Amino acid sequence: MEHKWSEYWNMKIDLSCQIRPSDDVLLQEVGGEAVLLDLASECYFGLEAVGTRIWELLQQNSSLQQTYDCLRAEYDVEPDRLRTDLLALVEQMLEAGLVRVA
Amino acid sequence: MAETTLPVFTCVLKPLWRAGRSVEDLATACVAAVLGTEFRQWTETTLQMMFNKSPMTYLKYHLSMLTDHARVDAYRQAIFDTVRPGDIVLDIGTGTGILSLFACQAGARRVYAIEAGRIIEAARAVCKQNGFDDRVVFMQELSTKVELPERADVLITETIGNFGLEESILGYVRDARQRLLKDDARILPASLALHVVPLEAPQLHAAIDSWNQPIAGLDFSSVRPLVVNNPHWVKLDAAWMLGQPAQLCKIDLACATSKDICASTTCTVTKYGTLHGLGGWFSADLSGAGTAVISNPPSTETSWSHAFLPFETPWDMEPGDTIEITLRTAADATVWQWRGTCRRRSAATGATSEVARFNQSSFLGQMMPVGGLRRLSETHCPQLTEQGCIDQFILQMIDGSSSLKEIAQQAAARFPGVFSDPGKALERARLVSQRYA
């Protein structure tokens, strides 16, 4: 069962959460970056190269931990920094309705 | 060891823009190609571009509709069945004005004929020529932007696209119901239904795959995703159908509240073949009394084409296979998504398994300008270009006391590097004045 972000306003998102891109969201890569269209809200969003890679990993992985592990292997970044930024991006996307907590 | 040093902390989700009819500005910013070349967008901008660039093409398009007897006769009959003597009639997307003239013949007291394109000038002339100019009020504007002095008894509109919705009829009718019509207004067409069918159309798919073939030794295959993710407007042959058509949805225009649809249906395959995509068309009950316009293939009678929604990959199908189809539009039917699943029942076990899955959208067929998207973000702080400064200067000069010649002289003096020829400055002043004054 999936839940909307509004239902989990006070929920703490951590790496154990399962996050899935919404079926309503379409993505097109443009020059290494990505434009997302949320069919539900009819809003467009932009993701830079790293954000685009994160979206790709969210589609493939069942848990945020797996996405985190992949990013750790792919990028030269401090673990704490990666965790903080990954969770911040996911929360932004949850708020925008682009992803859901599975 | 990590291979790259890309800083993760730069990943930021940027709200860009909101889709919809207001996308006109976006279309301009994105070189009017943002929704794909084959995706008809009847914004004022597009209409003006069509008319300005090739009036003969534009007039030929209108002539094809005027000589479509199935269309014209059905609308004429429905208008005579619907419009009563003394009625106030609103005609959205009047084109050459023929439906407004039918309304006059049926006894309308006044007709508000709305048309965004310059074809309205032809409609004015035709109206006068036929002696109805005392009753028809022409307004060159999108209907969503007009105000009427009175609410109408009847709405007539032929903003019906090849697949029913792509001319944004739902948005126009909804807006008219809210602002321009009486509560008990009669709406023509009364309802609109969409139909889909699985298709074996190797020639259509081959045209898409031709982008995979090198041309003069150069690779153009990056264009293919744009082509395969857009609806194609073609004339379908009934022989291409792999199964029976299914009605996807029926929309009652008197009460539809959404500008978009999300509808599902299931088609059953009736013969062996290769599934290349879906065919789509509409049927419209014009008066609610059965006067219909139907564009089902092979419809050589109507000027409407059909939709071909191609699949990324063709699949071999067998009789009895089912195709679950969901069609969704967004942003006032300017974005289309077709997704679904093909299933097959095993003759041996009776178990049903998934054969194929598809999920495509015209959004993926949009030509997004690299680098141009950031300029559309709400966080972007724009700066005027030199051309913008010129227009700003001219706009400031437009105060009701300076002639175009005087404005052009001032502009030429202010921007001598740009306007070495005074005629160019006058041309620019005319353009700015035409648009804003």
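Placed above this text is the structure.
The rules we used
- Residues numbered from 1 in each chain as written.
- Chains lettered and ligands numbered in written order.
- Predicted model: local features only at pLDDT ≥ 70, side-chain atom pairs only at ≥ 80, totals over all residues.
- Heavy atoms only, no water.
- Helix = DSSP H or I, 4+ residues; strand = E, 2+ residues; numbered from the N terminus.
- Buried < 20%, exposed > 50% of the residue type's maximum accessible area, 1.4 Å probe, protein only.
- Contact = heavy atoms within 4.5 Å.
- 1 Å grid on protein atoms, 1.4 Å probe; cavity = no way out; pocket = protein on both sides within 12 Å on 5 of 7 lines; lining within 4 Å.
- Points joined across faces, edges and corners; volume = space filled by probe spheres on them.
- Nonpolar A, V, L, I, M, F, W, Y, C, P; charged D, E, K, R; others polar.
- Phe/Tyr/Trp six-rings, centres within 6.5 Å; stacked < 30°, edge-to-face > 60°.
- Lys NZ or Arg CZ within 6 Å of the ring centre and 35° of its normal.
- Arc of directions from axis to C-beta.
- Axes fitted to C-alpha atoms, helices over the stretch in contact; angles between N-to-C directions.
- Parallel < 35°, antiparallel > 145°, perpendicular 65-115°, else oblique.
- Left-handed = near helix turned anticlockwise from the far one by under 90°.
- Patch = residues over 30% accessible without salt bridge, like charges linked within 9 Å, V, L, I, M, F, W, Y side chains within 5 Å.
- Areas by Shrake-Rupley, 256 points an atom, 1.4 Å probe, with all protein chains shown as cover.
- Salt bridge = Lys/Arg side-chain N within 4 Å of Asp/Glu carboxyl O.
- Pairing = 2+ DSSP bridges.
- Right-handed = clockwise from strand over helix to strand, strands pointing away.

(A) Representation of the overall build of chain B. Counting secondary structure elements, chain B contains 12 helices and 16 strands. Counting the 437 residues in chain B, one finds 51% classified as buried. Relative to all contacts within chain B whose residues are 6 or more apart in sequence, the contacts with residues 24 or more apart total 73%.

(B) View of the layout of surface pockets. When its volume is computed, the second largest pocket comes out at roughly 640 Å³. Lining the second largest pocket we find 26 residues, and of these Asp23(A), Val25(A), Leu26(A), Gln59(A) and Asn359(B) sit closest to its centre. Of all the secondary-structure elements, those providing two or more residues to the lining of the second largest pocket are β1 (19-21), β2 (25-30) and α1 (49-60) of chain A together with β10 (262-268), β14 (322-330), β15 (335-345) and β16 (352-361) of chain B. The element contributing the most residues to the lining of the second largest pocket is β2(A), with five residues. Classifying every residue of the lining of the second largest pocket gives eight nonpolar, 11 polar and seven charged.

(C) Looking closely at the packing of aromatic side chains. The final tally for this structure, using the stated rule, is six aromatic pairs over all chains. Judged by centre distance (5.8 Å) and plane angle (50°), the rings of Tyr44(A) and Phe363(B) are tilted. Taken together, the positions of Tyr44(A) in strand β4 (residues 43-47) and Phe363(B) in the loop between β16 and α10 (386-397) put the pair across two chains. Taken together, the aromatic side chains of Phe311(B), Trp315(B) and Phe358(B) make up a single cluster linked through ring pairs. Positioned above the aromatic ring of Phe415(B) is the side chain of Arg414(B), whose terminal nitrogen or guanidinium carbon lies 4.8 Å from the ring centre.

(D) Examining empty space enclosed by the protein more closely. All names here are of chain B. Counting across every chain of the model gives two cavities of 30 Å³ or more. In this model, the largest cavity occupies a volume close to 410 Å³. Taken together, 26 residues line the largest cavity, and the ones lying closest to its centre are Gly93, Gly95, Glu115, Thr159 and Glu167. For the lining of the largest cavity, the elements supplying multiple residues, two or more each, are α3 (55-66), β2 (88-92), α5 (98-105) and β3 (110-115). Among the elements that take part in the lining of the largest cavity, α3 stands out by supplying five residues, more than any other. Looking at the lining of the largest cavity, its residues break down into 13 nonpolar, seven polar and six charged. Its volume calculated, the second largest cavity comes out at about 30 Å³. Class assignment of the residues belonging to the lining of the second largest cavity gives a composition of four nonpolar, one polar and two charged.

(E) Up close: helix α2 (residues 64-74) of chain A. Residues and elements named next belong to chain A. Those residues of α2 lying buried are Leu64, Thr67, Tyr68 and Leu71. Looking straight down α2, one finds its buried side chains confined to an arc of 100°; they lie on one side. Buried positions along α2 lie against β1, α1 and α3 (79-95).

(F) Structural context of the packing of α2(A) against α3(A). Residues and elements named next belong to chain A. Direction vectors running N to C along α2 and α3 enclose 130°, while the axes themselves pass 11 Å from each other. Here α3 runs oblique to α2, going by the angle between their axes. Crossing of α2 over α3 shows right-handed handedness. Contacts from Leu64, Thr67, Tyr68, Leu71 and Arg72 in α2 reach Pro79, Leu82, Arg83, Leu86, Leu87 and Val90 in α3. Considered class by class, the residues forming the contact of α2 with α3 number eight nonpolar, one polar and two charged.

(G) Fine view of a nonpolar patch on the surface. Side chains of Trp211(B), Ile215(B), Leu218(B) and Phe220(B) sit close together on the surface and give an oily, nonpolar patch of about 360 Å² of accessible area. Note on Trp211(B): relative accessible area 31%, which makes it partly exposed.

(H) Focus on the environment of Ser143(B). Residues and elements named next belong to chain B. One can find Ser143 in the loop between β4 (136-140) and β5 (152-157). Judged by its relative accessible area of 4%, Ser143 falls in the buried class. Ser143 sits 286 residues away from Ala429 along the chain, and the two C-alpha atoms are 29 Å apart.

(I) Molecular detail of the pairing of β3(B). Residue and element names in this part refer to chain B. With five of six residues buried, β3 is to be regarded as a mostly interior element. Where β2 meets β3, five bridges bridge the pair, whose relative direction is parallel. Bridged to Ile92 within β3 is Ile114. Note that β3 and β4 share five bridges and pair parallel. Looking at β4, one finds that Tyr112 is bridged to Val137. What joins β3 to β4 is helix α6 (residues 120-129), and the crossover it makes is right-handed.

(J) Looking closely at the sheet that holds β16(B). Residues and elements named next belong to chain B. Ordered in space as β10-β14-β15-β16, the four strands form an open sheet in which the pairing is antiparallel. What marks the edges here is a single partner per strand, and that holds for β10 and β16. Direction aside, the axes of adjacent strands within the sheet are offset by 15° on average. For β15 and β16, the ladder comprises nine bridges, and the chain directions are antiparallel. Pairing of Arg339 across the sheet is with Asn359, part of β16.

(K) Representation of helix α8 (residues 202-209) of chain B. All names here are of chain B. Residues of α8 that are buried include every one of Leu204, His205 and Ile208, and no others. Along the long axis of α8, the arc covered by the buried residues comes to 95°, so they all point the same way. Looking at the buried positions of α8, the neighbouring elements they touch are α9 (224-228), β8 (232-234), β11 (273-285) and β13 (306-317).

(L) Structural view of the pairing of β14(B). All names here are of chain B. Among the nine residues of β14, seven are classified as buried, and the element is accordingly described as predominantly covered. Relative to β15, β14 runs antiparallel, the two sharing nine bridges. Opposite Leu327, over in β15, you have Trp338 as the bridge partner. In sequence, β14 turns back onto β15 through a hairpin of four residues, with Ala331 there showing a positive phi of about 55°.

By themselves, these figures tell us nothing about what the structure is for.
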